[in-house]
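# Report on the structure
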Amino acid sequence: MKRKRIFVKKTNEQRMEFTAKQIANLIEGQIEGNPDVIVDNLSKIEEGESGSLSFLANPKYTHYIYQTKASIVIVSKDFKAEKAINATLIRVEDAYTAFAKLLETYNQIKQNKTGISSNISISKTAKYGTDCYIGDFVCIGDNSKIGNNVKIYPHSYIGDNVSIGDNSCIYAGVKIYSDNWIGKNCTVHAGAVIGSDGFGFAPQSDNHYNKVAQIGNVIIEDNVEIGSNTTIDRATLGSTIIRKGVKLDNLIQIAHNVEIGENTVIAAQTGISGSTKIGKNCMIGGQVGIIGHIMIADGVKIAAQSGIGGSIKQEGAIIQGSPAFDISTYRKSYVHFRNLPKIVERLNELEKKSGGA
Amino acid sequence: MKRKRIFVKKTNEQRMEFTAKQIANLIEGQIEGNPDVIVDNLSKIEEGESGSLSFLANPKYTHYIYQTKASIVIVSKDFKAEKAINATLIRVEDAYTAFAKLLETYNQIKQNKTGISSNISISKTAKYGTDCYIGDFVCIGDNSKIGNNVKIYPHSYIGDNVSIGDNSCIYAGVKIYSDNWIGKNCTVHAGAVIGSDGFGFAPQSDNHYNKVAQIGNVIIEDNVEIGSNTTIDRATLGSTIIRKGVKLDNLIQIAHNVEIGENTVIAAQTGISGSTKIGKNCMIGGQVGIIGHIMIADGVKIAAQSGIGGSIKQEGAIIQGSPAFDISTYRKSYVHFRNLPKIVERLNELEKKSGGA
Amino acid sequence: MKRKRIFVKKTNEQRMEFTAKQIANLIEGQIEGNPDVIVDNLSKIEEGESGSLSFLANPKYTHYIYQTKASIVIVSKDFKAEKAINATLIRVEDAYTAFAKLLETYNQIKQNKTGISSNISISKTAKYGTDCYIGDFVCIGDNSKIGNNVKIYPHSYIGDNVSIGDNSCIYAGVKIYSDNWIGKNCTVHAGAVIGSDGFGFAPQSDNHYNKVAQIGNVIIEDNVEIGSNTTIDRATLGSTIIRKGVKLDNLIQIAHNVEIGENTVIAAQTGISGSTKIGKNCMIGGQVGIIGHIMIADGVKIAAQSGIGGSIKQEGAIIQGSPAFDISTYRKSYVHFRNLPKIVERLNELEKKSGGA
């Protein structure tokens, strides 16, 4: 399996190669070894191959540095080699931070797509700013406004009257219905749907349902990330609101009129029912289900797979279970649940004694 | 945050504005105040701004009518003002019903897209009726038949031999595989997939699996709504069937050969395994999992996050848990589950007494 | 409801019709009845209509053969009719195997799309092999390599530096980010997303999060099937790896740096958190949640809706619950859980006795 190369040719002409000297300049490090050695991909130290750049941050991995075939390894200033090392070293204040900075820089270079494809459909009344990338087969509706430095990948659908703020990135095949707002510096991953109808139906006397028109919208504030194939429904009336800094993982369901507070983080496959308000700085695990029309206080943490059936008013509460309650109590109860067969045996025994008495 | 405007310009030329007089005509109401005041968006009464139309239906919200900046408020015939009101009032029999009718009308105007884009790929053997909207980059395969007044939004894929009935709406990026049938008056939200292969694999002696060909199809009857990114697999043989009036929320999984009865409603992220038959008029909560090859009687209600491991033969049963059983029994058991640490203490105490005896 | 026809016209000119003689040749069977009778669709024996082909494998269904209107029925060599049968019979060694072979053949004919649409966007530096199908509005980025006999359905997005092996099939609207690898003989169903960013954010002192650049990729080995709207995130560094023969159902979430071993099968809506390694030949039910940074041994079976909170080191373990433990113990505990109200009554009774003593 030789497929783990991460730095890759961008085109046949433009290969992403860097010398140790270039990298040392970028991360303000000192070279030990050959400054002209070239790398064109990144690797973990335990998997490093010739031509790759790696780093050593966790002391548990120190022994790998004597075996690694990586051409360059970033190490901390105070690292002391106990044996010979083949790789060129670059010494920095903090190896992990330096490496993370490199990743970021590299990613920015690689993802710096620009230009407007000629294979798009854009309304005459739509506008976009400078330095945008609009990929093939993108569709942008009437009166939509796309800010500066926005990237819209192929097959994305932007309805009418949509606004997308500066520096946001919309990956491939995202569907944004009409009348929705996305702030600045947002990332929306492939296949996400923003602004589909809330699930509202009025039961009729003969058991069928009439649709309740869903004419609100979705407002997504700045610095929000939305995962692949996540769905966010428009409000029945008013707005479904995702406050600034919220991070949503993949395959999450956000129902109509939900509001999620600043910097709340939600893991994959969680679902939030209609009109629920979630506070700021919450951490919600994966596959959590939250009932509609409740509120959850700031800073609440909810364990994965929990079910929330009522409001949580205590700030910073940590809860688990379906329905969920305090996590440490839950865990005690669950230990006893596992033990129920023995508990019932003890009960049987007592009854025998008692009956025998 | 001034982004909650719902009525919006359709193009620079055509602004959606209405006078109190026009609205009163539409909902057969009587005006109290300025009949010429103009609104161009809707609002909740507690958030109403100048230029917006609101309504007062819930008595709890009555006090807002004296403060609201909404230009028009729809109220019930018998509403009696106790203070001065700035807004123009429109009196009707039932304020909520009148407002809902307005929403519906507004929505119909707004969503009344028509016309066939020139950026589509449609087979010579495909047919479509009158008054259709077929958006940019739509793809329609051989022999497919699209009825009258059908709307197909951009990036939707309609395979070969697909049939879509009159008045149905297929939102952006829906994928309908070949040979599937969709009835009249259906709505399929963005990113839904209809007719992908059932999950059928035959285990082989060396632990790998051979695919079982999935050559059935999906039949969706009239008046069905299907949520965003929901997936409905084709039958191995025969049909996966969604009966008329069924409402499916977002991110639901319907496996091969499932049948869902008339007017059953299913909330988001629920999954139904292969060959299970669900009755009519059922209500199934979110994140429910239902095993394959069982049947569920008519009118059954299943609480969110429940797991159904066997047939439910009792009509109208209400159940919860994983595996699920009668909901009131479940709730009693769960109260005791939360209490298990105390129950075990009581048992310890009894044993001490008993052992000491 | 006459919509269950499976064999359908491909175009007005080319109808998929077969005589009993043609079918008997294909499955090496012997005809009893009219060899010239024509069928153009398949049916279950209990639903068979004139012009359809059916089969009898399960003895429970034997009585249907005397009533069925199917024109041809495949039966086993040793089937003995007890009454008159209208259908033409084709006798074979094993009716089910023969029918499955027919399905497979039929499916291959039907799905044998070829040709490169002129409505695509393909980079000059991308390459594809012989006998490919590339559908309308497909987008293929720089340096991507598509093997021989690969089918890419409409609206699929293939980023830069992607590799897709021979004989793989990418259905409509699949989104494959840059730098990802897909092996030979793979099937990726509609709407699946491969290679979106892992969910990695570094908390900052003021409660907001900085994104951690996700620059690894996804490697999918040979013979893998991926369900509709399933999402597989790229590794932070290195690769998220799906080993050969893995079968993933719909709406599954695979987080960054996960590795799934050979021939493991996972049912719909399951989620696997970051950096978890799953062994080979595992069977994982639907809606299971697996925490990050753990390992699961080979051959482990996990019941639907279970939650896995720690490593499972025992090969072949069968577990259930959230958190999950041994399935037979779980089931015993759950029986007692259902019984908790009675258990508590017994405890009350004992305490009364004990207190009264």
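First, a word on what this report is: a plain description of the structure on this page.

Calculation rules
Residues numbered from 1 in each chain as written. Chains lettered and ligands numbered in written order. Predicted model: local features only at pLDDT ≥ 70, side-chain atom pairs only at ≥ 80, totals over all residues. Heavy atoms only, no water. Contact = heavy atoms within 4.5 Å. Buried area = accessible area lost by both parts, 1.4 Å probe. Salt bridge = Lys/Arg side-chain N within 4 Å of Asp/Glu carboxyl O. Helix = DSSP H or I, 4+ residues; strand = E, 2+ residues; numbered from the N terminus. Buried < 20%, exposed > 50% of the residue type's maximum accessible area, 1.4 Å probe, protein only. Pairing = 2+ DSSP bridges. Least-squares fit on C-alpha atoms with pLDDT ≥ 70 in both. Polar contact = N/O pair within 3.5 Å; in protein donor to acceptor, adjacent residues only side chain to side chain.

### Digging into the interface of chain B and chain A
Facing 65 residues of chain B, the contacting portion of chain A comprises 77 residues. In total, about 5,500 Å² of surface goes out of reach between chain B and chain A, with carbon and sulfur atoms giving 59% of it. Its salt-bridge partner being Lys113(B), residue Asp160(A) comes within 2.9 Å of it at the nearest N-O pair. Those elements that place two or more of their residues in the side of chain B that touches chain A are helix H2 (95-110), strand S28 (247-248), strand S31 (265-266), helix H3 (327-338) and helix H4 (340-356) of chain B. Broken down by element, the side of chain B that touches chain A gets its largest block of residues, nine residues, from H4(B).

### Description of the pairing of strand S27 (residues 239-242) of chain C
All names here are of chain C. Every second residue of S27 is oriented toward a common face, with Ser-239 and Ile-241 on one face and Thr-240 and Ile-242 on the other, all of them buried. Relative to S27, strand S24 (residues 217-220) runs parallel, the two being bridged by four bridges. Pairing of Ile-219 across the sheet is with Ile-241, part of S27. Where S27 lies against strand S30 (residues 259-260), two bridges are found, and the strand directions are parallel. Residue Ile-241 lies in a different strand from S30, and its bridge partner there is Glu-259.

### What to know about the sheet that holds strand S7 (residues 88-92) of chain A
Residue and element names in this part refer to chain A. Spatial strand order, S2-S7-S6-S5-S4: five strands in an open sheet with mixed pairing. Looking at strand neighbours, the two that pair on one side only are strand S2 (30-32) and strand S4 (41-42), the edges of this open sheet. With three bridges joining them, S2 and S7 adopt antiparallel strand pairing. Across the sheet, the residue bridging to Ile-31 is Ile-90, located in S7.

### Things to note about the sheet that holds strand S11 (residues 133-134) of chain C
Across a sheet, paired strands are connected by hydrogen bonds in the backbone, their directions being either parallel or antiparallel. Residue and element names in this part refer to chain C. With respect to topology, 12 strands assemble into an open sheet ordered S8-S11-S14-S17-S20-S25-S28-S31-S34-S37-S39-S40, the strand pairing being mixed. Taken across any chain shown, the strands that pair with only one partner, and hence form the sheet edges, are strand S8 (115-116) and strand S40 (324-326). Relative to strand S25 (residues 225-226), strand S20 (residues 187-188) runs parallel, the two sharing two bridges. Counted as the bridge partner of Thr-187 is Glu-225 from S25.

### Details of the relation of the copies chain B and chain A
Structural alignment of chain B on chain A gives an RMSD of 0.1 Å, achieved by rotating through 120° and translating 0.0 Å along the axis. Considering both components of the superposition, the chain copies are consistent with a three-fold axis.

### As for the interface of chain C and chain B
Counting residues at the interface gives 66 residues for chain C and 78 residues for chain B. Where chain C abuts chain B, roughly 5,500 Å² becomes buried across the two surfaces, and 59% of that area is made up of carbon and sulfur atoms. Where chain C packs against chain B, one counts three salt bridges. Connecting chain C to chain B are 30 residue pairs in polar contact (both at pLDDT 80 or more). Going through the elements one at a time, helix H2 (95-110), strand S28 (247-248), strand S31 (265-266), helix H3 (327-338) and helix H4 (340-356) of chain C are the ones with two or more residues in the side of chain C that touches chain B. Considering every element that reaches the side of chain C that touches chain B, the biggest residue donor is H4(C), with nine residues.

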